[in-house]
Every structure is written in C-alpha cells, then in structure tokens.
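Now for the letters of each chain:
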Amino acid sequence: EDQVTQSPEALRLQEGESSSLNCSYTVSGLRGLFWYRQDPGKGPEFLFTLYSAGEEKEKERLKATLTKKESFLHITAPKPEDSATYLCAVQAMLTGGGNKLTFGTGTQLKVEL
Amino acid sequence: GAGVSQTPSNKVTEKGKYVELRCDPISGHTALYWYRQSLGQGPEFLIYFQGTGAADDSGLPNDRFFAVRPEGSVSTLKIQRTERGDSAVYLCASSHDSNSPLHFGNGTRLTVT
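Cut-off values and rules
- Residues numbered from 1 in each chain as written.
- Chains lettered and ligands numbered in written order.
- Predicted model: local features only at pLDDT ≥ 70, side-chain atom pairs only at ≥ 80, totals over all residues.
- Heavy atoms only, no water.
- Helix = DSSP H or I, 4+ residues; strand = E, 2+ residues; numbered from the N terminus.
- Rg over C-alpha atoms; globule rule 2.2 N^0.38 Å.
- Contact = heavy atoms within 4.5 Å.
- Buried area = accessible area lost by both parts, 1.4 Å probe.
- Salt bridge = Lys/Arg side-chain N within 4 Å of Asp/Glu carboxyl O.
- Polar contact = N/O pair within 3.5 Å; in protein donor to acceptor, adjacent residues only side chain to side chain.
- Nonpolar A, V, L, I, M, F, W, Y, C, P; charged D, E, K, R; others polar.
- Phe/Tyr/Trp six-rings, centres within 6.5 Å; stacked < 30°, edge-to-face > 60°.
- Buried < 20%, exposed > 50% of the residue type's maximum accessible area, 1.4 Å probe, protein only.
- Disulfide = S-S within 2.5 Å.
- Pairing = 2+ DSSP bridges.
- Axes fitted to C-alpha atoms, helices over the stretch in contact; angles between N-to-C directions.
- Core = buried A, V, L, I, M, F, W, Y, C linked by side-chain atoms within 4.5 Å.

Caption draft 1: The overall build of chain B, seen in detail. Secondary structure summary: chain B contains zero helices and 11 strands in total. Secondary structure elements of chain B occur, N-terminal to C-terminal, as β-β-β-β-β-β-β-β-β-β-β. For a compact globule of 113 residues, the expected C-alpha radius of gyration is about 13 Å, and chain B comes in at 13 Å, within 12% of that figure. Taking the principal axes of its C-alpha atoms as reference, chain B extends roughly 35 × 25 × 25 Å.

Okay, structure coming up:
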C-alpha cells in the first residue's frame, strides 16, 4: 500500500527565512509525485509534478526536488502570502487508467512579518 | 467559470437522511474524481470517472455511497442513510486526461448531526 509521510506537521517562519518541507514516500513503482497548496476553506491547488529522481521544478519562491525515497519543497525568502497547507501526493494507476493520488497529511506553514 | 464548481458549499443534514453533492468539472475535462477530506487529513480517493462510466470505485467506503456522471460532464455523489462519520469535506477534481494533474474544486462541507 502506498504511503506518504510529511514533516514537519506545522512550521512557523519569519518573512525571508528560507526552509524546506519534507515528503517521504513508499510506493510500488512511482509514476509521479505531486505538490499541492491548500488554503483554508479551499480545494488543493496544483503546484508541481515530479517524475524521476534528480528532477527539480521551480515556481516563484518554491522549488521541488525528488529523490528515490523523498521529496523536498524548498521555500526561499517566504512572504506571508505563502502561508498555507502544503500537501504531497504520490500517483498510482487506477483500474481503467485513471490517476489515483495518495496524499500525506500536509505541512501547515505560517509566515509572519 | 474556469474552475471546478461544487454545490452546495455547505450541507447540514440529520443522521439517516439522503444527500446529493454536485460537481461541475472544467469544460473539456474527461476525467473526474471524488475525494473526501477529514479535518487535519489529506484527501482520500473515492471514485474515478472516465467519460460517463465509473472506471474505478474502489475508494467508496460502503454501499451507501454512489456516484453518477450520466452525460460525461456534471457528476453527483449520493449518500444514503447518512451517518455522523460521513461528516467531511467532499472534493471533486477533474483533469484533461488520465495523465494530467488533477484540478480540485473548493469542496462541499458535509455535516451530519
């Protein structure tokens, strides 16, 4: 059974204080690893997909990296608007060819002035 | 609208009642998913549609849960004889095809009293 563990559960940063969120996974054949951002009362918003170890993707202050057992979401010089819950998910194939995501419980990030 | 639309945004019902939750996916998206998110948890897969047919319903918790997508666009998740344990946010997501990222709606918050 696919498993995703995210750490820390919660993280408080000062504006401009860079840090990383961790996502460890066990899966029988990784087809893709996804990062989503979720604001309170909203649905998850897609950020990145990573497919193979060594791959990196960037978007503004966020950079996602992937190894064979974990992924990191690096946040450089964060701003208060980066405050959200960040969810990691691994992709498995569904019967009928669909895309099943198994999510972690998320890291709740708070960036303060 | 451009995104996935879910109605109602909130639903309060009494234990034992029947409820229907509606999802209007992004236009042109053939794949549609239902997920359920409990407080402090990541979303959990319920069911996947490719076109009109339920291609994988392995995540439905029991036979009180059923979903349809009769014309390959709008989908309805139906819950019979609701129980307090069904209280959660029900998220719908769609994707262009089975290999594209999922785009989530803002969910329906179901409360069973």
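Alright, that's what it looks like, and here's the rest.
Caption draft 2: Expanded view of the interface of chain A and chain B. Contact residues are listed per partner, giving 23 residues for chain A and 20 residues for chain B. Here chain A and chain B share an interface that buries about 1700 Å² over both sides, 53% of which is from carbon and sulfur atoms. Put simply, chain A and chain B have zero salt bridges between them. Taken together, chain A and chain B are joined by four residue pairs in polar contact (both at pLDDT 80 or more). Secondary structure elements with two or more residues in the side of chain A that touches chain B: β4 (33-38), β5 (45-50) and β10 (99-103) of chain A. Classifying every residue of the side of chain A that touches chain B by side-chain character gives nine nonpolar, 11 polar and three charged.

Caption draft 3: Region of interest: the packing of aromatic side chains. Residues and elements named next belong to chain B. Enumeration over the complete set of coordinates arrives at 10 aromatic pairs over all chains. Ring plane angle 25 degrees and centroid distance 4.9 Å describe the contact between Tyr-33 and Tyr-48, whose orientation is recorded as stacked. Here Tyr-33 is found in strand β4 (residues 31-37), whereas its partner Tyr-48 is found in strand β5 (residues 44-50), with 15 residues between them in sequence. The exposure class of Tyr-33 is buried, given its relative accessible area of 0%. The class of Tyr-48 is buried, set by a relative accessible area of 0%.

Caption draft 4: Here's a closer look at the state of the cysteines. As enumerated under the stated definition, the model contains two disulfides over all chains in all. Disulfide pairing is shown between Cys23(A) and Cys88(A); the S-S distance is 1.9 Å. Its S-S torsion of about -60 degrees marks the bond between Cys23(A) and Cys88(A) as left-handed, since a negative value means left-handed. In this pair, Cys23(A) is assigned in strand β3 (residues 19-26) and Cys88(A) in strand β9 (residues 84-93), connecting sequence segments 65 residues apart. Neither residue differs from the other here; Cys23(A) and Cys88(A) are each classed as buried. Two residues, Cys23(B) and Cys92(B), share a disulfide whose sulfurs are 1.9 Å apart. Since a negative S-S torsion denotes a left-handed disulfide, the Cys23(B)-Cys92(B) link at about -65 degrees is left-handed. One end of the pair, Cys23(B), is in strand β3 (residues 19-24); the other, Cys92(B), is in strand β9 (residues 88-95), with 69 residues separating them in the sequence.

Caption draft 5: Spatial organisation of the sheet that holds strand β7 (residues 65-68) of chain B. All names here are of chain B. Spatially, β1-β3-β8-β7 is the arrangement adopted by the four strands of the open sheet, whose pairing is antiparallel. Of all strands in the sheet, those with a lone pairing partner are β1 (5-7) and β7, marking the two edges. If you compare each strand with its neighbour and ignore which way they point, the axes differ by 15 degrees on average. Both β1 and β3 contribute to a ladder of three bridges, which runs antiparallel. Note that in β3 the partner of Thr-7 across the bridge is Arg-22.

Caption draft 6: Representation of the nonpolar core. All names here are of chain A. In this structure, Leu-33, Trp-35, Leu-73 and Tyr-86 are the most contacted members of the largest nonpolar core, which totals 22 residues. Sorting the residues of this core by element identifies β2 (10-14), β3, β4, β5, β7 (62-66), β8 (70-75), β9 and β11 (107-112) as the ones contributing at least two each. Element by element, the count of residues in this core is highest for β9, at four residues. In this structure, Tyr-86 is in contact with Gln-6, Leu-21, Trp-35, Tyr-36, Arg-37, Leu-47, Leu-62, Leu-73, Gly-106, Thr-107 and Leu-109, ignoring residues within four places of it in sequence.

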